[in-house]
Amino acid sequence: PLTTTDLLIEGMTCASCVRRVEKALNAVPGVIEAQVNLATERATILHQEGVSDAPLAAAIEKAGYKRGAPM
Ligand code: 9UX
């Protein structure tokens, strides 16, 4: 089954940042589709139920951004 996780992301300032974070999140195993909104600093990630927050947050940080406060 699939589920959705929303995460806040700090440090994005342009559309290229958005694409970079989307690409990083989409590369995490089990992710079906990640969409990032620059204005709200929110990522909405559709993924297999077994994917926890940790690899998603790690992908955000490896791309050069920070996970915001847990929502
Ligand atoms: Mo835009 Mo983001 O030039 O790190 S890619 S600021």
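What you see is a predicted model; the values in this text were computed from it and never measured.

(A) Layout of the UniProt feature "domain: HMA" (unreviewed entry) in the protein. Here the UniProt feature "domain: HMA" (unreviewed entry) sits at residues 3-68. End C-alpha to end C-alpha, residues 3-68 measures 20 Å, and it is 33% helix and 36% strand.

(B) Quick peek at the site of the ligand. In the region of the ligand, the neighbouring residues are Thr13, Cys14, Ser16, Cys17, Arg20 and Tyr65. Taking arginine 20, its side chain carries an N or O atom lying 3.1 Å from an oxygen atom of the ligand. Between the ligand and tyrosine 65 there is a distance of 2.7 Å, counted from an oxygen atom to a side-chain nitrogen or oxygen.

(C) Quick peek at a nonpolar patch on the surface. A surface patch of nonpolar side chains, amounting to about 230 Å² of accessible area, comprises Leu2, Ile32 and Leu46. Relative to the helices and strands, isoleucine 32 is located in strand E2 (residues 31-37). On the accessibility criterion, isoleucine 32 (41% relative accessible area) is partly exposed.

Calculation notes
Residues numbered from 1 in each chain as written. Predicted model: local features only at pLDDT ≥ 70, side-chain atom pairs only at ≥ 80, totals over all residues. Heavy atoms only, no water. UniProt positions renumbered as here; feature names shortened; annotations may be inferred. Helix = DSSP H or I, 4+ residues; strand = E, 2+ residues; numbered from the N terminus. Near = heavy atom within 4 Å. Polar contact = N/O pair within 3.5 Å; in protein donor to acceptor, adjacent residues only side chain to side chain. Patch = residues over 30% accessible without salt bridge, like charges linked within 9 Å, V, L, I, M, F, W, Y side chains within 5 Å. Areas by Shrake-Rupley, 256 points an atom, 1.4 Å probe, with all protein chains shown as cover. Salt bridge = Lys/Arg side-chain N within 4 Å of Asp/Glu carboxyl O. Buried < 20%, exposed > 50% of the residue type's maximum accessible area, 1.4 Å probe, protein only.

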